[in-house]
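Residues per chain are reported as follows:
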Amino acid sequence: MTENTLSFKGFTRLRNEVYGSGGLRLRDRKRGSFSVFRFFGYMLYSWKLMAVEKEVILFIFLQWLTACLGLYMLLAVLLDPKFIFMAETAHATGTRAAWYGPDFIIWVWGTLCITVVALPFSIFASCIPVVHIIHHYEGRQSTISECMRVVLARVGSLWFFVWVDLYLTIFKPHYSRYDSWPVRLVKMALYEAWKVAAMSIHMNILTGRSWSELRTNTVELVKQRGWEMLGIRIGYLLVNGILFLAAWACLYWGLPLIFPVSDAEGVGVDNNSTGANFVFCLLLIVLWLALINIFSRPAYLIAMSDIFADYIYQKPGDEHVLPEKNEPVSWTPFFIYAVLIVTVFSFPLAGWLIGIGQ
């Protein structure tokens, strides 16, 4: 009888077979060519990688928990009655000046939330590329301790980079509701250019390259593989859009199947209840984040690391992507982070901030 691959023994047998043949392999592709559909190949590879490197599943789950932590912290302000009153007043007034108070509160508290989330998120998001490089390019089994050793040696720089990237992603300082559409399109193009360059910047920091190497590698990588990276980026955004529609459909049609019809009216998007719509949107975000972390996010991180590693191995004199020797863990960022966590969760900062905004 054929052994069930979904069992623990089945996973072990599959892992042994994979490493016996040199590890999972990606299909050959034309370097530097533009292709949106190549991202789907990385998605398929990421699911295969989860089957043989089960620590990837752990890192995915921890990324999702970290994102939910940031959402939970943000709700401390959004659900405050005083803030709700301020936002409703600003919406009724409709002037730009009326939004200064709510916008200030969201900006300060949101920046604090991003700072709290960025450190654990940078660790877990950086471990997945390390798993891929060890598995695909070094042809051996990765371990959680080895991945963490590589990441924690430069956690401070990764924390800062992910903070900048999350800030630009969430707050979108390039975007304003008062901009004209041509200005919005130009700013959106600049933002996407940053996201493409960030793929290289992240990997240069993770692999311990110097700042001069980071600049050189990023410029050269964008020149040589920019169209390929742009295709990956567009494929990632396309899949995320599909996942959003799937999450919306699951909740819109799935919740009435779970709850009685009389209760389901309180969670439908067509209901006029502000509280019901808020709960629906909250569940939608949580489910969407879960789907992204399962389907598209690992593939995006793997694609990012694969393009960078392939570029490094093509350079003369560069024989290793990851550092060859063990490096000490940087403990200073963790000390700063501990002080930050104690401050955030020990004092009513959200209430004080709302008072200032009023």
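Relevant structure appears above.
These figures come from a predicted structure and were not determined experimentally.

A.B. asks: How would you explain the overall build of the protein chain if you had to name every residue and give the values?
C.D. replies: For the protein chain, the helix and strand inventory stands at 13 helices and zero strands. In sequence order, the secondary structure elements of the protein chain are arranged as α-α-α-α-α-α-α-α-α-α-α-α-α. Here the protein chain holds 358 residues, and the buried ones make up 45% of them. Pairs at least 24 residues apart make up 79% of the contacts formed inside the protein chain by residues separated by at least 6 positions.

A.B. asks: Give a description of the packing of aromatic side chains that names residues and reports values.
C.D. replies: For the structure shown, the criterion picks out 16 aromatic pairs. An angle of 45° between the planes, with centres 5.1 Å apart, marks the rings of Y167 and F171 as tilted. Highlighted residues: Y167 and F171, both in helix α7 (residues 155-171), separated by four residues, approximately one helical turn. Between F244 and W288, the ring centres sit 5.2 Å apart and the planes meet at 80°, which makes this aromatic pair edge-to-face. Of the two residues, F244 sits in helix α9 (residues 211-258) while W288 sits in helix α11 (residues 274-314), which places them 44 residues apart along the sequence. A relative accessible area of 26% places W288 in the partly exposed class.

A.B. asks: Summarise the side chain of N204; cite the residues concerned and give the values.
C.D. replies: Relative to the helices and strands, N204 resides in helix α8 (residues 181-206). Reaching out from N204, the side chain makes a polar contact with the side chain of N217 at a distance of 2.9 Å. Apart from the residues lying within four places of it in its own chain, the contact partners of N204 are R209, E213, L214, N217, T218 and F308.

A.B. asks: Which residues make up the packing of helix α3 (residues 55-78) against helix α5 (residues 100-137), and what are the values?
C.D. replies: Helix packing geometry: the angle between the two helix axes and the distance between the axes. Contact geometry for α3 and α5: axes closest at 9 Å, N-to-C directions at 180°. For the element pair α3 / α5, the angle class is roughly antiparallel. Counted by class, the contact of α3 with α5 contains 23 nonpolar, three polar and one charged residues.

A.B. asks: Describe the nonpolar core, with residues and values.
C.D. replies: By size, the foremost hydrophobic cluster in this structure holds 80 residues, and its most contacted members are F39, I123, V130 and I232. If one sorts the elements of this core by residue count, α5 sits on top with 18 residues. Residues in contact with I232, not counting those within four places in the same chain, are S35, R38, F39, Y42, M199, Y300, A303 and I307.

A.B. asks: Help me get a handle on α7, residues and values and all.
C.D. replies: In this model α7 runs 23 Å from its N-terminal to its C-terminal C-alpha over 17 residues, within 8% of the 24 Å that 1.5 Å per residue would give. Every buried residue of α7 is listed here: V155, L158, W159, F161, V162, D165, L166 and Y167. Residues of α7 that are buried in the fold lie against α5, α6 (144-152), α8 and α12 (332-346). Once α7 ends, the next one or two residues include K172, with phi positive near 45°.

A.B. asks: Got a sec to walk through α6? Specific residues and values, please.
C.D. replies: Taken as a whole, α6 has its buried residues at E146, C147, V150, V151 and L152. For α6, the secondary structure elements touched by its buried residues are α3, α5, α7, α8 and α12.

A.B. asks: Talk me through the environment of L71; I want residue IDs and the actual numbers.
C.D. replies: Take L71: it is sitting in helix α3. Separated by 214 residues in sequence, L71 and I285 place their C-alpha atoms 9.0 Å apart. Among all residues touching L71, those that are not within four sequence positions of it are L282, I285 and V286.

A.B. asks: So what's going on with the pattern of salt bridges? Which residues, and what values?
C.D. replies: In the structure shown here, the tally under the stated rule is eight salt bridges. One salt bridge connects D165 with K195, and the closest N-O pair in it is separated by 3.0 Å. Of the two residues, D165 is situated in helix α7 and K195 in helix α8; the sequence distance between them amounts to 30 residues. For D165, a relative accessible area of 15% gives the class buried. For K195, a relative accessible area of 9% corresponds to the buried category. Close ionic contact of R225 with E228 constitutes a salt bridge, the shortest N to O distance being 2.8 Å. A residue pair is termed a helical-turn pair when its members lie 3 or 4 positions apart in one helix, as R225 and E228 do in helix α9 at three residues. With a relative accessible area of 3%, R225 lands in the buried category. Residues joined in a network through salt bridges with shared partners are R38, R225, E228 and D310.

A.B. asks: Give a detailed account of a nonpolar patch on the surface, specifying residues and quantitative values.
C.D. replies: Taken together, F37, F40, L238 and I242 make up a surface patch of nonpolar side chains, about 420 Å² in accessible area. When you line up the elements, L238 lands in helix α9.

A.B. asks: Summarise the environment of V150; cite the residues concerned and give the values.
C.D. replies: Inspection of the secondary structure puts V150 in helix α6. Setting aside anything within four residues of it in sequence, one finds V150 in contact with V130, L206, L322 and P323.

What counts as what
- Residues numbered from 1 in each chain as written.
- Predicted model: local features only at pLDDT ≥ 70, side-chain atom pairs only at ≥ 80, totals over all residues.
- Heavy atoms only, no water.
- Helix = DSSP H or I, 4+ residues; strand = E, 2+ residues; numbered from the N terminus.
- Buried < 20%, exposed > 50% of the residue type's maximum accessible area, 1.4 Å probe, protein only.
- Contact = heavy atoms within 4.5 Å.
- Phe/Tyr/Trp six-rings, centres within 6.5 Å; stacked < 30°, edge-to-face > 60°.
- Polar contact = N/O pair within 3.5 Å; in protein donor to acceptor, adjacent residues only side chain to side chain.
- Axes fitted to C-alpha atoms, helices over the stretch in contact; angles between N-to-C directions.
- Parallel < 35°, antiparallel > 145°, perpendicular 65-115°, else oblique.
- Nonpolar A, V, L, I, M, F, W, Y, C, P; charged D, E, K, R; others polar.
- Core = buried A, V, L, I, M, F, W, Y, C linked by side-chain atoms within 4.5 Å.
- Expected span 1.5 Å × (residues − 1).
- Salt bridge = Lys/Arg side-chain N within 4 Å of Asp/Glu carboxyl O.
- Patch = residues over 30% accessible without salt bridge, like charges linked within 9 Å, V, L, I, M, F, W, Y side chains within 5 Å.
- Areas by Shrake-Rupley, 256 points an atom, 1.4 Å probe, with all protein chains shown as cover.

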